[in-house]
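# Notes for the structure review
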Amino acid sequence: MTTGGATSLVRRPDASNRATLLELLFDVVFVAAIALVSMTIAEGESWATTGHALLLFMAIWWTWSVTAITTDFYDPEQRPLQAILMVTAFGAVGTAATVPRAVDGHPLLFALAYVTPHVIRGIILVGILHRHRHKAQERATRFFFWFSVSGILWIIGALLPNQPHWPLWAAALTIEYVATAARYPTPFLGRVPLDQYEKVTEHLGERYQQFVILALGDIILVPTLKISSSDFALSRLGGFLIAFVTMLLLWQLYVYRSGSILEMTKRRRGRAARLAPYTHLVTLVGVVLVAAGADRVVHQPTGTTPLHAVVLMLGGPVLFITGRTLFTYLVQEGPSARRLVWIPVLGAMMPFAPAWPPLLVAGAAVAVLAGVVVTDLVVARSRRRRDPEAQAEAEHSRPGPGL
């Protein structure tokens, strides 16, 4: 743990790409937030609750993704960065704890817990770097400017009496997502140069992979919390087993060819850094819905399945497959659409699934996910047979650092 000026605060080219222990602790806090969002959706059983909880999840995810790119550009071993991680982790605890209350109409605590870490991060970085005409100072100023703009809407939306705050919060999130996509155009500073994104390291890819793997654990964590307070009926145990198998299948779908980011050119790495927050958002929303659906299956494995629960159980895998495939296609600029042919199979079940018991709906989703995994394995084996040199490419299907 060190300190230093503007230059030493920036990650050195020869710095370790492994995540620090504080970053891993930081991830665990955010995974707890994901679990609470999943439980809120499962217990709410309404479209409005689901929409509001997902909007809050988008905010929680944005905090994580912005912090990940921050610790890739700046050195997380420096005390100022460690302070930022600690404050942001505390904010994540606050946003997680207040998700149910924000959904129920008590938004101020969530807004403060969300906005405060962004403001503090900006103050720390801009304050340390303000005497140095350095790209790092300009980068920090751009982030601070746009989060200050969106933060005003977050706080106003939470303070307005007898008014729905969701439209203002949606507008604040739109500002954050669009500003990031536009590379933070800021008065007098312009936009973040593209070459800065091309300087991302393997550290960022590892951070995304670690977070997704931890998030997948929520698929079994949420049902575990549910079944621990219920009777161990055979149908509930069946739902619990399906949740566990679902988690393993999604893990396999995510790690397949996940190491390929390391062999990308700088231009493609920069493209990956810009697209990963959006495509991984789709993937993680899929995880949230799957976890909420698993909660519902364990809670009520028999009887008919409400349409809301059907969407969780079948829509979650659709989003997960879509997000992962979209990232691969956009970044690697190659064909990867074979997984998408399974999505219509899940869609075809939608009209009939409400008449099925939840256990059967979840089981059908598992069967489709297994089909996707088997397809991946068959295609990989076929490539190896046609071209022995493709063996090296097949190694990318093993878990490794990558987005």
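Whatever comes next refers back to the structure up there.
The sections below set out a description of the structure shown in this document.

So, how was this worked out
Residues numbered from 1 in each chain as written. Predicted model: local features only at pLDDT ≥ 70, side-chain atom pairs only at ≥ 80, totals over all residues. Heavy atoms only, no water. Salt bridge = Lys/Arg side-chain N within 4 Å of Asp/Glu carboxyl O. Helix = DSSP H or I, 4+ residues; strand = E, 2+ residues; numbered from the N terminus. Buried < 20%, exposed > 50% of the residue type's maximum accessible area, 1.4 Å probe, protein only. Axes fitted to C-alpha atoms, helices over the stretch in contact; angles between N-to-C directions. Parallel < 35°, antiparallel > 145°, perpendicular 65-115°, else oblique. Contact = heavy atoms within 4.5 Å.

## Description of the pattern of salt bridges
- According to the stated counting rule, one finds six salt bridges in the structure shown.
- A salt bridge links R18 to E206; the shortest N-O distance between them is 3.0 Å. Linking R18 in the loop between α1 (6-9) and α2 (21-44) with E206 in helix α9 (residues 202-216), this pair joins segments that are 188 residues apart in sequence.
- Between D376 and R338 there is a salt bridge; the shortest N-O distance is 3.3 Å.

## Considering unusual backbone geometry
- Despite not being glycine, R183 shows a phi value in the positive range, around 65 degrees.
- By the element assignment, R183 lies in the loop between α7 (166-181) and α8 (194-197).
- The buried category is assigned to R183, whose relative accessible area is 14%.
- With phi around 75 degrees, F188 is a residue other than glycine that occupies positive phi space.
- Note on placement: F188 falls in the loop between α7 and α8.
- Judged by relative accessible area, which is 87%, F188 ranks as exposed.

## Some points on the packing of helix α6 (residues 135-159) against α7
- Between α6 and α7, whose axes approach to 8 Å, the crossing angle comes to 170 degrees. The orientation of α6 with respect to α7, classified from their angle, is roughly antiparallel. Between α6 and α7, the residues in contact are W146, F147, V149, S150, L153, W154, I156, G157 and A158 and L168, W169, A171, A172, L173, I175, E176 and A179, respectively.

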